[in-house]
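In case you want the letters, here they are:
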Amino acid sequence: MHAWPASEVPALPGKGRDLRIHDTATDGLVTLDPGPVARIYVCGITPYDATHMGHAATYNAFDLVQRVWLDTKRQVHYVQNVTDVDDPLLERATRDGHDWTELAERETALFREDMTALRMLPPQHYIGAVEAIPGIVPLVERLRDAGAAYELEGDVYFSVESDPHFGEVSRLDAEAMRLLSAERGGDPERPGKKNPLDPMLWMAAREGEPSWDGGSLGRGRPGWHIECVAIALDHLGMGFDVQGGGSDLAFPHHEMGASHAQALTGEHPFAKAYVHAGMVALDGAKMSKSKGNLVFVSKLRRDGVDPAAIRLALLSHHYRADWEWTDAVLREAVERVGRWRAAVSRPDGPSADALVEEIRAALADDLDAPSALAAVDRWAVLQEAEGGTDEGAPGLVSRAVDALLGVAL
Ligand code: 5CA
Ligand code: ZN
(Lines give C-alpha, C1' and ligand atoms only; values in the text may rest on other atoms or scores of the structure.)
(Ligands and ions follow the chains in the order given, each with its own letter.)
Protein backbone atom coordinates (compact mmCIF):
# COMPACT_ATOMS: atom_id res chain seq x y z
CA MET A 1 0.00 0.00 0.00
CA HIS A 2 1.16 3.55 -0.47
CA ALA A 3 1.41 5.74 2.63
CA TRP A 4 0.98 9.53 2.49
CA PRO A 5 3.30 12.41 1.57
CA ALA A 6 5.86 13.55 4.12
CA SER A 7 5.83 17.15 5.27
CA GLU A 8 9.28 18.67 5.34
CA VAL A 9 11.18 18.54 8.63
CA PRO A 10 13.29 21.69 8.98
CA ALA A 11 16.87 21.16 10.17
CA LEU A 12 17.70 22.77 13.51
CA PRO A 13 21.06 23.94 14.82
CA GLY A 14 22.78 21.46 17.16
CA LYS A 15 21.45 18.06 18.00
CA GLY A 16 18.60 16.63 20.04
CA ARG A 17 18.83 14.36 23.06
CA ASP A 18 18.31 10.62 23.28
CA LEU A 19 14.74 9.62 24.03
CA ARG A 20 13.79 8.33 27.47
CA ILE A 21 10.38 6.72 27.29
CA HIS A 22 7.97 4.67 29.37
CA ASP A 23 8.08 0.96 28.62
CA THR A 24 4.96 -1.01 29.57
CA ALA A 25 6.92 -4.26 29.99
CA THR A 26 9.10 -2.86 32.77
CA ASP A 27 6.67 -0.14 33.88
CA GLY A 28 9.61 2.22 33.94
CA LEU A 29 11.46 4.77 31.86
CA VAL A 30 14.09 3.42 29.49
CA THR A 31 16.65 5.45 27.57
CA LEU A 32 16.68 4.04 24.07
CA ASP A 33 19.94 3.65 22.23
CA PRO A 34 18.79 2.88 18.72
CA GLY A 35 21.98 3.08 16.67
CA PRO A 36 22.07 5.02 13.40
CA VAL A 37 18.73 3.66 12.17
CA ALA A 38 15.94 3.60 14.75
CA ARG A 39 13.25 0.98 14.14
CA ILE A 40 9.62 1.47 15.11
CA TYR A 41 6.40 -0.44 14.44
CA VAL A 42 3.11 1.33 15.16
CA CYS A 43 -0.15 -0.56 14.89
CA GLY A 44 -2.35 1.01 12.23
CA ILE A 45 -6.08 1.46 11.98
CA THR A 46 -8.80 -1.04 11.32
CA PRO A 47 -10.27 1.02 8.52
CA TYR A 48 -13.74 2.03 9.52
CA ASP A 49 -14.78 5.10 11.52
CA ALA A 50 -11.37 6.71 10.92
CA THR A 51 -9.82 9.06 11.92
CA HIS A 52 -11.22 9.94 15.32
CA MET A 53 -9.39 12.05 17.88
CA GLY A 54 -8.32 8.94 19.82
CA HIS A 55 -6.56 7.58 16.74
CA ALA A 56 -5.04 11.00 16.05
CA ALA A 57 -3.73 11.30 19.63
CA THR A 58 -2.03 7.91 19.46
CA TYR A 59 -0.39 8.59 16.08
CA ASN A 60 0.67 12.01 17.36
CA ALA A 61 2.60 10.33 20.19
CA PHE A 62 4.56 8.13 17.79
CA ASP A 63 5.12 10.99 15.39
CA LEU A 64 6.88 12.74 18.27
CA VAL A 65 9.08 9.67 18.79
CA GLN A 66 10.09 9.92 15.16
CA ARG A 67 10.78 13.65 15.36
CA VAL A 68 12.95 13.27 18.48
CA TRP A 69 15.00 10.58 16.74
CA LEU A 70 15.32 12.61 13.53
CA ASP A 71 16.58 15.53 15.63
CA THR A 72 19.34 13.25 16.99
CA LYS A 73 20.40 12.95 13.31
CA ARG A 74 19.34 9.33 13.08
CA GLN A 75 17.35 7.78 10.31
CA VAL A 76 14.04 6.26 11.28
CA HIS A 77 12.67 3.06 9.84
CA TYR A 78 8.96 3.26 10.53
CA VAL A 79 6.44 0.51 9.71
CA GLN A 80 2.68 0.65 10.10
CA ASN A 81 -0.06 -1.80 9.13
CA VAL A 82 -3.69 -1.47 8.09
CA THR A 83 -5.96 -4.18 9.48
CA ASP A 84 -7.90 -4.34 6.24
CA VAL A 85 -9.56 -7.67 7.01
CA ASP A 86 -10.86 -8.51 10.48
CA ASP A 87 -14.13 -9.33 12.25
CA PRO A 88 -15.12 -5.76 13.21
CA LEU A 89 -14.50 -4.45 9.68
CA LEU A 90 -16.53 -7.27 8.10
CA GLU A 91 -19.33 -6.78 10.66
CA ARG A 92 -19.51 -3.05 9.92
CA ALA A 93 -19.58 -3.63 6.14
CA THR A 94 -22.37 -6.18 6.54
CA ARG A 95 -24.33 -3.91 8.90
CA ASP A 96 -24.21 -1.03 6.43
CA GLY A 97 -24.62 -3.15 3.28
CA HIS A 98 -21.22 -2.09 1.92
CA ASP A 99 -18.55 -4.08 0.17
CA TRP A 100 -15.82 -4.61 2.83
CA THR A 101 -12.96 -3.87 0.41
CA GLU A 102 -14.55 -0.57 -0.61
CA LEU A 103 -15.15 0.38 3.03
CA ALA A 104 -11.51 -0.38 3.86
CA GLU A 105 -10.17 1.54 0.87
CA ARG A 106 -12.35 4.58 1.50
CA GLU A 107 -11.45 4.78 5.18
CA THR A 108 -7.75 4.22 4.55
CA ALA A 109 -7.81 7.05 1.99
CA LEU A 110 -9.49 9.33 4.54
CA PHE A 111 -6.90 8.35 7.16
CA ARG A 112 -4.07 9.25 4.75
CA GLU A 113 -5.64 12.67 4.15
CA ASP A 114 -6.03 13.30 7.88
CA MET A 115 -2.46 12.21 8.62
CA THR A 116 -1.17 14.50 5.87
CA ALA A 117 -3.20 17.45 7.16
CA LEU A 118 -1.91 16.86 10.70
CA ARG A 119 1.70 16.68 9.45
CA MET A 120 2.22 13.15 10.80
CA LEU A 121 5.32 11.72 9.14
CA PRO A 122 4.47 8.65 7.05
CA PRO A 123 5.85 5.14 7.57
CA GLN A 124 8.33 3.85 4.98
CA HIS A 125 6.30 0.66 4.78
CA TYR A 126 2.52 0.88 5.01
CA ILE A 127 1.26 -2.68 4.74
CA GLY A 128 -2.25 -4.09 4.60
CA ALA A 129 -3.14 -7.37 6.30
CA VAL A 130 -4.44 -8.74 3.01
CA GLU A 131 -1.19 -8.09 1.17
CA ALA A 132 0.71 -9.68 4.08
CA ILE A 133 -1.17 -13.01 3.86
CA PRO A 134 1.47 -14.80 1.71
CA GLY A 135 4.03 -14.03 4.43
CA ILE A 136 1.70 -14.96 7.30
CA VAL A 137 0.88 -18.50 6.12
CA PRO A 138 4.44 -19.89 6.42
CA LEU A 139 4.80 -18.39 9.90
CA VAL A 140 1.66 -20.16 11.10
CA GLU A 141 2.87 -23.39 9.49
CA ARG A 142 6.21 -23.02 11.28
CA LEU A 143 4.54 -22.44 14.63
CA ARG A 144 2.34 -25.48 14.10
CA ASP A 145 5.25 -27.67 13.01
CA ALA A 146 7.23 -26.57 16.08
CA GLY A 147 4.36 -27.55 18.38
CA ALA A 148 3.60 -23.94 19.34
CA ALA A 149 0.24 -24.03 17.59
CA TYR A 150 -2.58 -26.55 17.28
CA GLU A 151 -5.69 -27.13 15.25
CA LEU A 152 -9.25 -26.90 16.53
CA GLU A 153 -12.07 -27.68 14.10
CA GLY A 154 -10.00 -26.39 11.20
CA ASP A 155 -8.88 -23.20 12.96
CA VAL A 156 -5.30 -22.85 14.17
CA TYR A 157 -4.53 -21.52 17.67
CA PHE A 158 -1.29 -20.30 19.20
CA SER A 159 -0.36 -21.95 22.46
CA VAL A 160 0.59 -19.19 24.91
CA GLU A 161 2.54 -21.75 26.97
CA SER A 162 5.04 -22.11 24.13
CA ASP A 163 6.61 -18.76 25.02
CA PRO A 164 8.34 -18.67 28.43
CA HIS A 165 8.09 -14.87 28.33
CA PHE A 166 4.31 -14.82 27.88
CA GLY A 167 2.79 -12.22 30.23
CA GLU A 168 5.86 -10.02 30.42
CA VAL A 169 4.52 -7.22 28.22
CA SER A 170 1.30 -6.43 30.08
CA ARG A 171 2.19 -8.08 33.43
CA LEU A 172 -1.48 -8.86 34.08
CA ASP A 173 -2.79 -11.75 36.17
CA ALA A 174 -4.70 -14.61 34.54
CA GLU A 175 -8.13 -13.30 35.49
CA ALA A 176 -7.47 -9.81 34.09
CA MET A 177 -6.13 -11.39 30.91
CA ARG A 178 -9.22 -13.52 30.56
CA LEU A 179 -11.56 -10.54 30.91
CA LEU A 180 -9.62 -8.43 28.43
CA SER A 181 -9.29 -11.30 25.99
CA ALA A 182 -13.10 -11.66 25.86
CA GLU A 183 -13.48 -7.89 25.46
CA ARG A 184 -10.84 -7.44 22.77
CA GLY A 185 -11.37 -10.01 20.08
CA GLY A 186 -10.39 -13.25 21.88
CA ASP A 187 -12.61 -16.28 22.53
CA PRO A 188 -11.70 -17.58 26.03
CA GLU A 189 -15.01 -19.45 26.29
CA ARG A 190 -14.51 -21.62 23.21
CA PRO A 191 -14.42 -25.30 24.24
CA GLY A 192 -11.45 -27.42 23.23
CA LYS A 193 -8.72 -24.79 23.61
CA LYS A 194 -5.60 -25.79 25.52
CA ASN A 195 -5.57 -22.49 27.37
CA PRO A 196 -8.57 -20.13 27.26
CA LEU A 197 -6.23 -17.26 26.37
CA ASP A 198 -4.78 -18.95 23.26
CA PRO A 199 -5.40 -16.60 20.31
CA MET A 200 -6.29 -17.63 16.78
CA LEU A 201 -3.52 -17.62 14.18
CA TRP A 202 -5.56 -18.79 11.21
CA MET A 203 -9.33 -18.94 10.89
CA ALA A 204 -10.72 -21.54 8.52
CA ALA A 205 -12.97 -20.10 5.79
CA ARG A 206 -16.50 -19.25 6.99
CA GLU A 207 -19.57 -19.19 4.79
CA GLY A 208 -20.09 -15.72 3.29
CA GLU A 209 -16.71 -14.38 4.47
CA PRO A 210 -13.61 -13.67 2.39
CA SER A 211 -10.88 -16.32 2.48
CA TRP A 212 -7.45 -16.91 0.98
CA ASP A 213 -5.29 -19.89 0.09
CA GLY A 214 -3.49 -20.94 3.25
CA GLY A 215 -1.35 -23.77 1.83
CA SER A 216 -1.34 -26.65 4.31
CA LEU A 217 -3.61 -24.61 6.61
CA GLY A 218 -6.46 -24.72 4.13
CA ARG A 219 -8.47 -21.69 2.97
CA GLY A 220 -9.05 -19.04 5.57
CA ARG A 221 -7.85 -15.72 6.90
CA PRO A 222 -5.20 -14.65 9.41
CA GLY A 223 -5.67 -13.86 13.08
CA TRP A 224 -5.07 -10.31 14.22
CA HIS A 225 -1.81 -10.57 16.18
CA ILE A 226 0.14 -12.67 13.66
CA GLU A 227 -0.61 -10.02 11.03
CA CYS A 228 1.42 -7.39 12.86
CA VAL A 229 4.15 -9.88 13.73
CA ALA A 230 4.59 -10.97 10.10
CA ILE A 231 4.83 -7.36 8.93
CA ALA A 232 7.18 -6.31 11.72
CA LEU A 233 9.53 -9.29 11.28
CA ASP A 234 9.56 -8.85 7.52
CA HIS A 235 10.45 -5.16 7.60
CA LEU A 236 12.22 -4.64 10.94
CA GLY A 237 13.34 -8.00 12.34
CA MET A 238 13.55 -8.98 16.02
CA GLY A 239 14.66 -6.56 18.72
CA PHE A 240 13.42 -3.39 17.06
CA ASP A 241 13.27 -0.30 19.23
CA VAL A 242 9.61 0.58 19.80
CA GLN A 243 6.32 -1.26 19.41
CA GLY A 244 3.61 1.37 19.67
CA GLY A 245 -0.13 1.74 20.01
CA GLY A 246 -2.87 2.86 22.37
CA SER A 247 -3.04 1.36 25.87
CA ASP A 248 -5.91 -0.89 24.77
CA LEU A 249 -3.38 -2.80 22.63
CA ALA A 250 -1.05 -3.82 25.49
CA PHE A 251 -3.21 -6.87 26.10
CA PRO A 252 -3.90 -9.02 24.23
CA HIS A 253 -2.48 -7.60 21.00
CA HIS A 254 1.09 -6.69 21.95
CA GLU A 255 1.40 -9.47 24.51
CA MET A 256 0.37 -12.09 21.95
CA GLY A 257 2.42 -10.52 19.17
CA ALA A 258 5.56 -10.63 21.30
CA SER A 259 4.92 -14.29 22.16
CA HIS A 260 4.28 -15.25 18.54
CA ALA A 261 7.55 -13.68 17.47
CA GLN A 262 9.54 -15.08 20.41
CA ALA A 263 8.18 -18.60 19.80
CA LEU A 264 8.98 -18.30 16.10
CA THR A 265 12.54 -17.11 16.45
CA GLY A 266 13.62 -18.36 19.87
CA GLU A 267 14.88 -14.82 20.46
CA HIS A 268 13.77 -12.26 23.03
CA PRO A 269 12.59 -9.52 23.07
CA PHE A 270 10.40 -8.79 20.07
CA ALA A 271 10.66 -5.05 20.81
CA LYS A 272 13.01 -3.21 23.16
CA ALA A 273 10.20 -0.99 24.45
CA TYR A 274 6.43 -1.32 24.36
CA VAL A 275 5.00 2.16 24.36
CA HIS A 276 1.34 2.90 24.94
CA ALA A 277 -0.68 6.07 24.58
CA GLY A 278 -3.58 6.92 26.89
CA MET A 279 -7.20 6.80 25.82
CA VAL A 280 -9.13 9.82 24.63
CA ALA A 281 -12.70 9.97 25.86
CA LEU A 282 -15.82 11.85 24.83
CA ASP A 283 -18.77 12.45 27.15
CA GLY A 284 -17.12 10.40 29.90
CA ALA A 285 -16.44 7.23 27.88
CA LYS A 286 -13.48 6.06 25.78
CA MET A 287 -13.93 7.27 22.23
CA SER A 288 -14.64 4.04 20.38
CA LYS A 289 -16.08 2.80 17.17
CA SER A 290 -18.29 0.33 18.99
CA LYS A 291 -19.86 3.06 21.16
CA GLY A 292 -19.99 5.59 18.33
CA ASN A 293 -18.98 8.54 20.57
CA LEU A 294 -16.57 9.93 18.04
CA VAL A 295 -15.13 13.26 16.94
CA PHE A 296 -13.54 12.99 13.50
CA VAL A 297 -10.49 14.85 12.26
CA SER A 298 -12.09 15.09 8.81
CA LYS A 299 -15.29 16.63 10.20
CA LEU A 300 -13.31 19.31 12.04
CA ARG A 301 -11.33 20.00 8.88
CA ARG A 302 -14.54 20.32 6.86
CA ASP A 303 -15.83 22.75 9.47
CA GLY A 304 -12.78 24.91 8.75
CA VAL A 305 -10.72 24.08 11.85
CA ASP A 306 -7.03 24.66 11.21
CA PRO A 307 -5.16 21.30 11.37
CA ALA A 308 -2.40 23.08 13.31
CA ALA A 309 -4.96 23.78 16.05
CA ILE A 310 -6.11 20.14 16.07
CA ARG A 311 -2.50 19.09 16.47
CA LEU A 312 -1.93 21.56 19.29
CA ALA A 313 -5.03 20.25 21.04
CA LEU A 314 -3.48 16.76 20.96
CA LEU A 315 -0.10 18.06 22.09
CA SER A 316 -1.59 19.86 25.09
CA HIS A 317 -2.06 16.47 26.80
CA HIS A 318 0.68 14.11 27.89
CA TYR A 319 0.56 11.09 25.60
CA ARG A 320 0.27 8.65 28.51
CA ALA A 321 -2.67 10.43 30.14
CA ASP A 322 -6.27 9.44 29.56
CA TRP A 323 -8.11 12.64 28.70
CA GLU A 324 -11.41 13.98 27.53
CA TRP A 325 -12.01 15.76 24.21
CA THR A 326 -14.11 18.88 24.74
CA ASP A 327 -14.88 22.04 22.78
CA ALA A 328 -12.79 23.93 25.33
CA VAL A 329 -9.70 21.85 24.47
CA LEU A 330 -10.05 22.86 20.83
CA ARG A 331 -10.87 26.49 21.65
CA GLU A 332 -7.70 26.83 23.75
CA ALA A 333 -5.65 25.31 20.94
CA VAL A 334 -7.11 27.75 18.39
CA GLU A 335 -6.19 30.64 20.69
CA ARG A 336 -2.70 29.27 21.23
CA VAL A 337 -1.97 28.89 17.53
CA GLY A 338 -3.13 32.50 17.07
CA ARG A 339 -0.78 33.76 19.80
CA TRP A 340 2.15 31.78 18.44
CA ARG A 341 1.57 32.97 14.88
CA ALA A 342 1.45 36.60 16.00
CA ALA A 343 4.69 36.07 17.95
CA VAL A 344 6.63 34.57 15.02
CA SER A 345 5.29 37.03 12.46
CA ARG A 346 7.49 39.85 13.81
CA PRO A 347 10.89 40.38 12.15
CA ASP A 348 12.81 39.98 15.44
CA GLY A 349 12.28 38.87 19.02
CA PRO A 350 13.86 37.49 22.20
CA SER A 351 16.59 34.91 21.63
CA ALA A 352 15.17 31.44 21.03
CA ASP A 353 18.30 29.30 21.48
CA ALA A 354 17.33 28.33 25.02
CA LEU A 355 13.75 27.64 23.91
CA VAL A 356 14.91 25.09 21.33
CA GLU A 357 16.84 23.27 24.07
CA GLU A 358 13.80 23.39 26.37
CA ILE A 359 11.58 21.81 23.71
CA ARG A 360 14.21 19.16 23.07
CA ALA A 361 14.60 18.39 26.76
CA ALA A 362 10.85 18.17 27.32
CA LEU A 363 10.25 15.79 24.41
CA ALA A 364 13.26 13.62 25.21
CA ASP A 365 11.79 13.21 28.72
CA ASP A 366 8.99 10.73 27.91
CA LEU A 367 7.52 12.98 25.21
CA ASP A 368 6.45 15.74 27.58
CA ALA A 369 4.66 17.82 24.94
CA PRO A 370 2.69 19.93 27.47
CA SER A 371 6.00 21.21 28.92
CA ALA A 372 7.26 21.92 25.40
CA LEU A 373 4.10 23.95 24.72
CA ALA A 374 4.52 25.83 27.99
CA ALA A 375 8.07 26.77 26.96
CA VAL A 376 6.86 28.17 23.62
CA ASP A 377 4.07 30.01 25.48
CA ARG A 378 6.66 31.72 27.69
CA TRP A 379 8.67 32.83 24.67
CA ALA A 380 5.50 34.15 22.98
CA VAL A 381 4.52 36.10 26.13
CA LEU A 382 7.99 37.64 26.29
CA GLN A 383 7.79 38.52 22.63
CA GLU A 384 4.45 40.23 23.14
CA ALA A 385 5.48 42.04 26.33
CA GLU A 386 9.02 43.12 25.51
CA GLY A 387 9.96 41.98 22.04
CA GLY A 388 13.67 41.51 21.36
CA THR A 389 16.44 42.26 18.94
CA ASP A 390 17.37 38.78 17.76
CA GLU A 391 16.58 38.79 14.05
CA GLY A 392 16.76 35.05 13.65
CA ALA A 393 14.57 34.21 16.63
CA PRO A 394 11.02 34.14 15.17
CA GLY A 395 12.20 32.02 12.24
CA LEU A 396 14.01 29.63 14.59
CA VAL A 397 10.89 29.24 16.74
CA SER A 398 8.83 28.52 13.65
CA ARG A 399 11.27 25.89 12.46
CA ALA A 400 11.59 24.28 15.89
CA VAL A 401 7.82 24.09 16.38
CA ASP A 402 7.50 22.53 12.93
CA ALA A 403 10.45 20.09 13.22
CA LEU A 404 9.81 18.91 16.77
CA LEU A 405 6.05 19.29 17.23
CA GLY A 406 4.76 18.98 13.65
CA VAL A 407 2.93 22.31 13.83
CA ALA A 408 3.22 24.70 10.89
CA LEU A 409 2.92 28.32 12.02
N1 5CA B 1 -5.82 -2.29 13.67
C2 5CA B 1 -5.64 -2.42 15.06
C3 5CA B 1 -4.18 -2.42 15.45
S4 5CA B 1 -3.26 -3.61 14.59
C5 5CA B 1 -6.37 -1.33 15.82
O6 5CA B 1 -6.34 -1.33 17.03
N7 5CA B 1 -7.05 -0.45 15.07
S8 5CA B 1 -7.95 0.74 15.67
O9 5CA B 1 -8.45 1.44 14.51
O10 5CA B 1 -8.91 0.21 16.57
O11 5CA B 1 -7.03 1.65 16.50
C12 5CA B 1 -5.91 2.28 15.90
C13 5CA B 1 -5.02 2.87 16.99
O14 5CA B 1 -5.75 3.90 17.69
C15 5CA B 1 -4.61 1.85 18.06
O16 5CA B 1 -3.27 2.11 18.47
C17 5CA B 1 -5.56 2.13 19.21
O18 5CA B 1 -4.99 1.78 20.46
C19 5CA B 1 -5.73 3.63 19.08
N20 5CA B 1 -6.99 4.10 19.67
C21 5CA B 1 -8.25 3.63 19.43
N22 5CA B 1 -9.16 4.31 20.18
C23 5CA B 1 -8.47 5.22 20.91
C24 5CA B 1 -8.83 6.24 21.87
N25 5CA B 1 -10.08 6.45 22.22
N26 5CA B 1 -7.84 6.99 22.40
C27 5CA B 1 -6.54 6.80 22.05
N28 5CA B 1 -6.14 5.88 21.14
C29 5CA B 1 -7.08 5.10 20.58
ZN1 ZN C 1 -1.26 -4.30 15.46
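Quick summary incoming for the structure in this document. Keep in mind that what you see is a predicted model, and the values were worked out from it rather than measured.

Some remarks on the pairing of strand β2 (residues 28-31)
Inspection of the sheet shows strand β1 (residues 20-23) paired to β2 by four bridges, in the antiparallel sense. For histidine 22, the partnering residue across the bridge sits in β2 and is leucine 29.

Details of helix α7 (residues 250-265)
The first and last C-alpha atoms of α7 sit 21 Å apart over 16 residues, in line with the 22 Å expected at 1.5 Å per residue. With 14 of 16 residues buried, α7 is to be regarded as a mostly interior element. Residue glycine 266 follows α7 closely and has a positive phi angle near 75°.

Digging into the sheet that holds strand β9 (residues 220-222)
What the four strands build is an open sheet, ordered β6-β7-β8-β9; its pairing is antiparallel. Sheet topology places β6 (149-152) and β9 at the edges, where each strand pairs with a single neighbour. Taken over all neighbouring pairs, the strand axes of this sheet differ in orientation by 20° on average, direction set aside. Here strand β8 (residues 200-204) runs beside β9; their pairing, made up of three bridges, is antiparallel. Residue pairing across strands places alanine 204 opposite glycine 220, the latter belonging to β9.

Examining the packing of aromatic side chains
In the structure shown here, the tally under the stated rule is seven aromatic pairs. Where tryptophan 4 meets phenylalanine 111, the ring centres are 5.7 Å apart and the plane angle is 85°; that geometry is what we call edge-to-face. Of the two residues, tryptophan 4 sits in the segment before β1 while phenylalanine 111 sits in helix α3 (residues 100-117), which places them 107 residues apart along the sequence. Each member of the pair, tryptophan 4 together with phenylalanine 111, is buried. A centroid spacing of 5.4 Å and a plane angle of 85° characterise the contact between tryptophan 4 and tyrosine 126, whose relative ring orientation is edge-to-face. With tryptophan 4 in the segment before β1 and tyrosine 126 in strand β5 (residues 125-128), the pair connects residues that are 122 residues apart, well separated along the chain. Each of the two residues, tryptophan 4 as well as tyrosine 126, counts as buried. Ring pairing ties together the aromatic residues Trp4, Tyr59, Phe111 and Tyr126, which thus form one cluster.

Examining the site of ligand 1
Among the 24 residues in the neighbourhood of ligand 1, the closest are listed as Gly44, Thr58, Thr83, Asp248 and Lys289. One of the side-chain nitrogen or oxygen atoms of threonine 83 is found 2.7 Å away from a nitrogen atom of ligand 1. About the coverage of ligand 1: the protein hides 95% of its 600 Å² of free accessible area. Among the elements of the structure, α1 (53-71), α6 (224-235) and β10 (240-246) are those that each provide at least two residues to the shell around ligand 1. Here the element with the most residues in the shell around ligand 1 is α1; it accounts for four residues.

Thoughts on the coordination of the zinc ion (ligand 2)
Only Cys43 (SG), Cys228 (SG) and His253 (NE2) from the protein reach the zinc ion (ligand 2) as donors, at distances of 2.1 to 2.3 Å. Taken together, the four donor atoms coordinating the zinc ion (ligand 2) and their angles of 103 to 119° define a geometry best described as tetrahedral. When the donor residues of the zinc ion (ligand 2) are listed from N- to C-terminus, their spacing reads C-x184-C-x24-H. With a gap of 210 residues between them, cysteine 43 in the loop between β3 (37-42) and α1 and histidine 253 in helix α7 connect regions that are remote in the sequence. The class for histidine 253 is buried, based on a relative accessible area of 2%.

What counts as what
- Residues numbered from 1 in each chain as written.
- Chains lettered and ligands numbered in written order.
- Predicted model: local features only at pLDDT ≥ 70, side-chain atom pairs only at ≥ 80, totals over all residues.
- Heavy atoms only, no water.
- Pairing = 2+ DSSP bridges.
- Helix = DSSP H or I, 4+ residues; strand = E, 2+ residues; numbered from the N terminus.
- Expected span 1.5 Å × (residues − 1).
- Buried < 20%, exposed > 50% of the residue type's maximum accessible area, 1.4 Å probe, protein only.
- Axes fitted to C-alpha atoms, helices over the stretch in contact; angles between N-to-C directions.
- Phe/Tyr/Trp six-rings, centres within 6.5 Å; stacked < 30°, edge-to-face > 60°.
- Near = heavy atom within 4 Å.
- Polar contact = N/O pair within 3.5 Å; in protein donor to acceptor, adjacent residues only side chain to side chain.
- Areas by Shrake-Rupley, 256 points an atom, 1.4 Å probe, with all protein chains shown as cover.
- Donors = N, O, S within 2.8 Å, 3.2 Å for Na, K, Ca; no water.
- Tetrahedral: all angles 85-135°; square planar, octahedral: opposite > 155°, others 65-115°.

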